[in-house]
Amino acid sequence: MDQRAIVSRVTTGMRVVDSAGIDVGTVDLVQRGDPNAVTVQAPSADPGSSLDELIESAATEEPDVPADLAARLLRTGYLKVSTELVPTGAVYVPADRIATVTDQEVLLNALTTDLPSES
């Protein structure tokens, strides 16, 4: 089964378990891959916008990781998982790190420590 088909079986709220059997957390966001997504563009700022508005618009961009990784995640698809295992409170699961999807959980082929944390 290809990665897009696997990601399409995931829904928000599903439990995520890493390859060591550790409960990572729950799915907050499911993003299917777009092979045509090549770059991540920074939000354009309106010169009249306040600094707070600019910060808020930048903070809502997903995935919140360095641009090169973000571009890869957008191309292949990813999950954003809420977790208490990292200080930022969330990790991203690239589609190729999903081993299996059951009715209630997502099983990974990676350890939590190998997943990129939200910036």
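Residues numbered from 1 in each chain as written. Predicted model: local features only at pLDDT ≥ 70, side-chain atom pairs only at ≥ 80, totals over all residues. Heavy atoms only, no water.

1. Some thoughts on the side chain of Glu118
So, step 1. Inspection of the secondary structure assignment puts Glu118 in the segment after strand 6 (105-108).
So, step 2. Note on Glu118: relative accessible area 16%, which makes it buried.
So, step 3. Side-chain polar atoms of Glu118 contact the side chain of Lys80, separated by 2.6 Å.
So, step 4. With residues up to four places along the chain from it excluded, the contact list for Glu118 reads Glu62, Asp64, Lys80, Thr88, Ala90, Val91 and Tyr92. (Helix = DSSP H or I, 4+ residues; strand = E, 2+ residues; numbered from the N terminus. Buried < 20%, exposed > 50% of the residue type's maximum accessible area, 1.4 Å probe, protein only. Polar contact = N/O pair within 3.5 Å; in protein donor to acceptor, adjacent residues only side chain to side chain. Contact = heavy atoms within 4.5 Å.)

2. A look at the pairing of strand 6
So, step 1. One ladder, built from three bridges, connects strand 1 (residues 15-17) with strand 6; its direction is parallel. Note that in strand 6 the partner of Val17 across the bridge is Leu107.
So, step 2. Pairing of strand 5 (residues 98-101) with strand 6, which is carried by three bridges, proceeds in the antiparallel orientation. Following the sheet pairing, Val101 is matched in strand 6 by Val106.
So, step 3. Hairpin connection, strand 5 to strand 6: the antiparallel pair is bridged by three residues. (Pairing = 2+ DSSP bridges.)

3. Things to note about the side chain of Glu105
So, step 1. Assignment of secondary structure puts Glu105 in strand 6.
So, step 2. At 2.8 Å, the side chain of Glu105 and the side chain of Arg15 are in polar contact.
So, step 3. The contact partners of Glu105, leaving out residues within four places of it in the chain, are Met14, Arg15, Val17 and Thr100.

4. Digging into the nonpolar core
So, step 1. Among the nonpolar cores identified, the biggest contains 19 residues, and Leu79, Ile98, Val106 and Leu108 are the most heavily contacted of them.
So, step 2. Excluding its chain neighbours within four sequence positions, the residues that come into contact with Leu79 are Val10, Val27, Leu29, Val30, Val91, Tyr92, Val93, Ile98 and Val106.
So, step 3. With six residues, the next largest nonpolar core counts Leu69, Leu73, Tyr78 and Tyr92 among its residues. (Core = buried A, V, L, I, M, F, W, Y, C linked by side-chain atoms within 4.5 Å.)

5. Concerning the pattern of salt bridges
So, step 1. Under the defined criterion, the tally for this structure stands at five salt bridges.
So, step 2. Salt-bridge contacts for Glu62 lead to Lys80; the nearest nitrogen and oxygen are separated by 2.7 Å. Taken as a pair, Glu62 in the loop between helix 2 (51-59) and helix 3 (67-76) and Lys80 in strand 3 (residues 77-82) lie far apart in primary sequence, 18 residues in all.
So, step 3. Classification of Glu62 as partly exposed rests on a relative accessible area of 28%.
So, step 4. Owing to a relative accessible area of 11%, Lys80 belongs among the buried residues under this scheme.
So, step 5. A salt bridge links Lys80 to Glu118; its shortest N-O distance comes to 2.6 Å. Residue Lys80 is located in strand 3, and its partner Glu118 is located in the segment after strand 6; the two are separated by 38 residues in the primary sequence. Summarising the burial analysis for this pair, Lys80 and Glu118 share the class buried.
So, step 6. Through salt bridges with shared partners, a single network forms among Arg15, Asp23 and Glu105. (Salt bridge = Lys/Arg side-chain N within 4 Å of Asp/Glu carboxyl O.)

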